[in-house]
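# Working through the structure, step by step
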Amino acid sequence: MQDLSVIRERINRIDTQISELFLERMDAAADVAEYKRATGKPVFDRARERENIVRASERVPENLASYAAVLESLLMEASREAQYRRLGLKSAASLDVTAALDNQPRLFPQQAYVACQGVEGAYQQIACDRMFKRAQISYFNTFDGVFRAVDQGFCQFGVLPIENSTAGSVNRVYDLMMSYDFYIVRTCRLKIDHNLLVNPGTKLEDVRIVYSHEQAINQCANYLSNMPNARVHVCENTAIASQRVAESGEHTVAAIASRDCAALYSLEIAGQSIQDQQNNYTRFACIAKDLTIYPGADRTSLMAVLPHEPGSLYKVLGRLYALGINLLKLESRPIPDRDFEFMFYFDVACPATAPEFQTLLNSLSDVCDELRYLGSYSEVI
């Protein structure tokens, strides 16, 4: 039996040879790029890459075939990205980002006309005030109304919830983002503190109806289970629920909402911080019709439709790993009218001005059937 140190020296020699061959291969890729520049041939040749993967698998024993295929795939990805850089080719998303950065404003707006869903006191209004120092807010009954207000130029921005730490993503907002082709320009993370609000003089045992938004109701399920005599009614949002209780003047109704709503609608707090999980946060997005990247943008949201084949998601994640870009969120959603096919939402942490980010946008187009850039932004905490 060989000594381990001897075996490791042998492995080190092999690794050195692999590195030397890798550099030689990348030099050859540069020659390929120049040939394609002269002939006008595209960088990405799917048939050629498929043949190379098959040959790599056939050159090794069956138990190593899948590893050889992955290695060959990584080599071709590196070669392809080097060719793109040498030829100065950029994806549509990369060009859009470059143009936005070239016209980057100096500051995020301090005041603006903003659309929110609900009424005064809603969590969306609180998030809006966190993002803007002086916002003139117009309220709409639905998320769709917020998008239409921005689309028609009635408001410059819209503020909407996109994700809750316990309930997950607000799918309707993401669907509307795709329908309207809007962009996220800033996000805000807000701690959600639900309280049971009642008209002055109301006793807890007299409450028979509780109004609130569906997510707030779900987040306070344990507390509500101890109110067996109360029926729950779903409202558009928590502020509308508070408004309804205040306007009723009844001592049999209550709302689950924020402390701000208690002060705004002259209600009393019958139960404080009644959410099941105290570490409860919601992310709100500020959306805009035009792509604008403000200073400090270090997060990006992307949507991708991937080929319905093994390894397609791995190829995307492999690029993030190779570029040292941290993945903050990965979520799949079914594609309407396409059986068992999914789109993926990615949130990544990387400055929009970083070279790695441009490389990512340029390299993803070859492994995605569809890639949508949803915006780069900073998050207010």
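Below: a short report on this structure. (Residues numbered from 1 in each chain as written. Predicted model: local features only at pLDDT ≥ 70, side-chain atom pairs only at ≥ 80, totals over all residues. Heavy atoms only, no water.)

So, on to a nonpolar patch on the surface. On the surface, a cluster of nonpolar side chains totalling about 240 Å² of accessible area is made up of Leu4, Ile7 and Ile11. Position of Ile11 among the secondary structure elements: in helix H1 (residues 4-39). (Patch = residues over 30% accessible without salt bridge, like charges linked within 9 Å, V, L, I, M, F, W, Y side chains within 5 Å. Areas by Shrake-Rupley, 256 points an atom, 1.4 Å probe, with all protein chains shown as cover. Salt bridge = Lys/Arg side-chain N within 4 Å of Asp/Glu carboxyl O. Helix = DSSP H or I, 4+ residues; strand = E, 2+ residues; numbered from the N terminus.)

Another point: the packing of helix H6 (residues 143-151) against helix H7 (residues 171-180). For the pair H6 and H7, interaxial distance at closest approach is 10 Å and the crossing angle is 30°. In terms of orientation, H6 lies roughly parallel with respect to H7. Crossing angle aside, the handedness with which H6 passes H7 is right-handed. The segment H6 lies against H7, with Phe143, Asp144, Phe147, Arg148 and Asp151 engaging Arg172, Val173, Leu176, Met177 and Tyr180. Residue classes in the contact of H6 with H7 are distributed as 6 nonpolar, no polar and 4 charged. (Axes fitted to C-alpha atoms, helices over the stretch in contact; angles between N-to-C directions. Parallel < 35°, antiparallel > 145°, perpendicular 65-115°, else oblique. Left-handed = near helix turned anticlockwise from the far one by under 90°. Contact = heavy atoms within 4.5 Å. Nonpolar A, V, L, I, M, F, W, Y, C, P; charged D, E, K, R; others polar.)

Moving on, we get to the environment of Ala241. Position of Ala241 relative to the elements: it lies in helix H10 (residues 238-248). When neighbours within four sequence positions are excluded, Ala241 is seen to be in contact with Tyr211, Ser212, Cys235 and Ala255.

Strand order in the open sheet formed by 4 strands is S13-S14-S12-S15, with antiparallel pairing between adjacent strands. The sheet is open, and its two edges are formed by strand S13 (326-334) and strand S15 (370-377), each paired on a single side. Pairwise comparison of adjacent strand axes, ignoring direction, gives a mean angle of 15° for this sheet. Pairing analysis gives 7 bridges linking strand S12 (residues 299-305) to strand S14 (residues 342-349), with the strands arranged antiparallel. What sits directly across from Arg299, in S14, is Ala349. (Pairing = 2+ DSSP bridges.)

The next thing to look at is the sheet that holds strand S7 (residues 209-213). Strand pairing in a sheet relies on backbone hydrogen bonds, with the paired strands running either antiparallel or parallel. With mixed pairing, the 5 strands of this open sheet are ordered in space as S8-S7-S9-S6-S10. Two strands close off the open sheet at either side, each with one partner strand: strand S8 (231-235) and strand S10 (268-271). The mean inter-strand angle of the sheet, taken between neighbouring strand axes irrespective of direction, is 35°. The sheet contact formed by strand S6 (residues 195-198) and strand S9 (residues 253-257) spans 4 bridges and is antiparallel. Its bridge partner lying in S9, Asn195 is registered against Ala257. Packing against the sheet, H10 makes contact with S6, S7, S8 and S9, and its axis sits at approximately 155° to S9.

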